[in-house]
Amino acid sequence: MEKRNILIQGDFSITELKQKDTRKKAMTAEEKIEALKKAGVDTDGFFSMKGANGGDAIARLVNGKLEMLDDDDPILAAIREDGEIPDSRLYRRWVLAQIMHMIVWMKGNPKMSFVDCMAFRGGYEYQWKVLENEFHAQYKMEANKDGENLKMRNIWYNKTLALSMFDGYMSELKKQVENYVPRKYKGKPYVKIHGKNYFLDNIDAELYKPMAALRNVIVNAKTARVLWLAVKRVNAEKVRLSRKAKMSNEFIDAYKGCGSYYAMRNLLMFHGMKMAVNGIELSGNLALEYLDCKTVAFSASHEGWRLLGMLKELMEHNNFDISKKLAEWSAEKVRRQIIAKANKNLQACTNKNKRNR
């Protein structure tokens, strides 16, 4: 508040209290993107767009397609007026949609397992893509000194998992080579793997040892950044396996556990759900604390599948219709795409008219 003296008729004064305007200017798209960046959110695909009316909005590229972020989108709604983000863990809300899609697929196809759904998404190599992206996110958290979120992500995706996946990869690679029917060149048997020929009498030196050497790169990683670069190098240099190669059991457990954890956080925080625990309903911070406790315990015992069970129970307890919600999100996504395309065309038309003047 600000005080000032006002002279009224006579030889006395009174004190008037003038209220300052506490309303803050709306954040611009650039300011919102900067706030997200400071919180450790990957904003590489984010950019601001200005409309013909002078307003602006945040757009992002998802799989090469343009998406607009509405102001009521959770990723923006979580930004406080002072430009801070209360909890960057909220921004894994896309995991909720992934897990829900997989649950729907399994319901529609009783013979399809969770692993079948993962294989459908991208085959064997899908797990390596996820691992590299996850370590990249952890590297950014480390750089931004976000120790709390780094710790929660690292209990699922860590060096131990990377080494286990690599050992499984080497085992699958050898099985794949053994299943090839050798050809012969000048009497010497060889196999062709992804366009490259390997003579069987020298395959250990030409293939297995170079691949095994990549394991040491992971072993020697001491920071999140080095671990990310190590897995990135492994992905770039390792021989690709068949889509049908067996996925790592440890990765599947981590994927179930981590995905279910972030899905439940979003349901508890954004959808007002309540968690039933021994006949008592927990909500808000109590539910989140209980979830964190269970997550730490199940990750230590490699029982991520139990969190998937908790997620299903949470949805059932709150009568959550997965198919209906996915349909709503799909319709909203189409609406945003139409608006984005219309704004883009309008902007192009406006620019053209300015040039013709």
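See the structure above.
Computed from a prediction, not measured in an experiment: that's the story for all the values here.

Basis of the calculations
- Residues numbered from 1 in each chain as written.
- Predicted model: local features only at pLDDT ≥ 70, side-chain atom pairs only at ≥ 80, totals over all residues.
- Heavy atoms only, no water.
- Helix = DSSP H or I, 4+ residues; strand = E, 2+ residues; numbered from the N terminus.
- Buried < 20%, exposed > 50% of the residue type's maximum accessible area, 1.4 Å probe, protein only.
- Contact = heavy atoms within 4.5 Å.
- Areas by Shrake-Rupley, 256 points an atom, 1.4 Å probe, with all protein chains shown as cover.
- Axes fitted to C-alpha atoms, helices over the stretch in contact; angles between N-to-C directions.
- Parallel < 35°, antiparallel > 145°, perpendicular 65-115°, else oblique.
- Left-handed = near helix turned anticlockwise from the far one by under 90°.
- Nonpolar A, V, L, I, M, F, W, Y, C, P; charged D, E, K, R; others polar.
- Phe/Tyr/Trp six-rings, centres within 6.5 Å; stacked < 30°, edge-to-face > 60°.
- Lys NZ or Arg CZ within 6 Å of the ring centre and 35° of its normal.
- Pairing = 2+ DSSP bridges.
- Arc of directions from axis to C-beta.
- Expected span 1.5 Å × (residues − 1).
- Salt bridge = Lys/Arg side-chain N within 4 Å of Asp/Glu carboxyl O.
- Core = buried A, V, L, I, M, F, W, Y, C linked by side-chain atoms within 4.5 Å.

Asker: How should the overall build of the protein be read in this particular structure?
Answerer: Within the protein, the regular secondary structure consists of 13 helices and ten strands. When each of the 357 residues of the protein is scored for burial, the buried share is 40%. For the protein, restricting intrachain contacts to residue pairs at least 6 apart in sequence, the fraction spanning at least 24 positions comes to 62%. When the accessible surface of the protein is totalled, it reaches about 21,500 Å², and 51% of it is carbon and sulfur.

Asker: Just checking my understanding: could you explain the packing of helix H5 (residues 125–143) against helix H6 (residues 147–154) for this structure?
Answerer: Between H5 and H6, the least distance of the axes is 8 Å, while the angle of their chain directions is 155°. Classified by the angle their axes make, H5 and H6 are roughly antiparallel. Of the two possible hands of crossing, H5 and H6 adopt the one that is left-handed. Counted together, Glu 134, Ala 137, Gln 138, Met 141 and Glu 142 of H5 and Asn 149, Leu 150, Arg 153 and Asn 154 of H6 form the full contact between these two elements. Classifying every residue of the contact of H5 with H6 gives three nonpolar, three polar and three charged.

Asker: Explanation requested: the packing of aromatic side chains in the structure shown.
Answerer: Note on aromatic pairs: each is described by the distance of the centres and the angle between the planes. One pass over the structure, following the stated rule, counts eight aromatic pairs. Centroid distance Tyr 185 to Phe 199: 6.5 Å. Interplanar angle 50°. Geometry classified as tilted. Residue Tyr 185 is found in strand E6 (residues 183–185), and its partner Phe 199 is found in strand E8 (residues 196–199); the two are separated by 14 residues along the sequence. Look at Tyr 185 and you get partly exposed, because its relative accessible area is 47%. Overall, Phe 199 belongs to the partly exposed group, its relative accessible area being 24%. Linked through ring pairs, Tyr 126, Tyr 157, Phe 251 and Tyr 255 together constitute an aromatic cluster. Lying across the ring of Tyr 208, Lys 174 places its NZ or CZ 5.3 Å from the centre.

Asker: I would appreciate a short explanation of the sheet that holds E8 in the present structure.
Answerer: Strand pairing in a sheet is mediated by backbone hydrogen bonds. Such pairs are either parallel or antiparallel. Pairing is antiparallel in the open sheet, where three strands are placed in the order E6-E7-E8. Strand pairing shows two members of the sheet lacking a second neighbour, E6 and E8, which therefore form its edges. Averaged over all pairs of adjacent strands, the angle between their axes in this sheet comes to 45°, without regard to strand direction. In this fold helix H8 (residues 203–219) packs onto strand E7 (188–193) and E8, with an angle of close to 120° to the strand it touches most, E8.

Asker: What should I look at first to understand the pairing of E7 in this one?
Answerer: Remark: a regular strand shows side chains that alternate across the two faces of the sheet. In this structure, E6 lies alongside E7, joined through three bridges in antiparallel fashion. Along E7, the bridge assignment pairs Lys 184 with Pro 189. From the end of E6 to the start of E7, which pair antiparallel, there are two residues, and Lys 186 there has a positive phi angle of about 55°. Judged from the four bridges that link them, E7 and E8 form a sheet pairing that is antiparallel. The residue of E8 that forms the bridge with Tyr 190 is Phe 199. Linking two consecutive strands that pair antiparallel, namely E7 and E8, is a turn of two residues; a positive phi of about 50° is found at His 194 within it.

Asker: I keep staring at H6 and nothing clicks. Help me out?
Answerer: Since one α-helical turn is 3.6 residues long, residues separated by three or four positions face the same way. Looking at H6, one finds that the buried residues are Asn 149, Leu 150, Met 152 and Arg 153. One side of H6 carries all its buried residues, which in axial view fall inside an arc of 165°. Those residues of H6 that are exposed and aimed more than 90 degrees away from the buried face are Glu 148 and Lys 151. Against H5, helix H10 (249–270) and helix H11 (284–300) lie the buried residues of H6.

Asker: What exactly am I supposed to notice about helix H9 (residues 224–237) here?
Answerer: With 14 residues, H9 extends 20 Å between its outermost C-alpha atoms, agreeing within 8% with the 20 Å of an ideal straight helix rising 1.5 Å per residue. Looking at H9, one finds that the buried residues are Ala 224, Leu 227, Trp 228, Ala 230, Val 231, Val 234 and Asn 235. Down the axis of H9, the smallest arc covering the buried residues is 160°, so these residues share one side. Elements that come into contact with the buried residues of H9 comprise H5, helix H7 (159–179) and H8.

Asker: What exactly am I supposed to notice about the pattern of salt bridges here?
Answerer: Between side chains of opposite charge, a pair can form as their charged atoms come close. As enumerated under the stated definition, the model contains nine salt bridges in all. The closest approach of N and O atoms between Asp 292 and Arg 265, which form a salt bridge, is 3.8 Å. Taken as a pair, Asp 292 in helix H11 and Arg 265 in helix H10 lie far apart in primary sequence, 27 residues in all. For the salt bridge of Arg 306 with Glu 303, the shortest nitrogen-to-oxygen distance reads 3.1 Å. Residue Arg 306 is classed as partly exposed on the basis of its relative accessible area, which comes to 36%.

Asker: Can you walk me through the nonpolar core in this structure?
Answerer: In globular proteins that are soluble, nonpolar side chains generally tend to be buried together. Grouped together as the largest cluster of nonpolar side chains are 64 residues, with contacts concentrated most on Trp 128, Leu 131, Tyr 157, Tyr 169, Leu 173 and Leu 207. Here this core takes eleven residues from H10, the largest share from any one element. Once residues within four sequence positions are removed from consideration, Leu 207 is found in contact with Leu 173, Val 177, Ile 193, Tyr 198 and Val 239.

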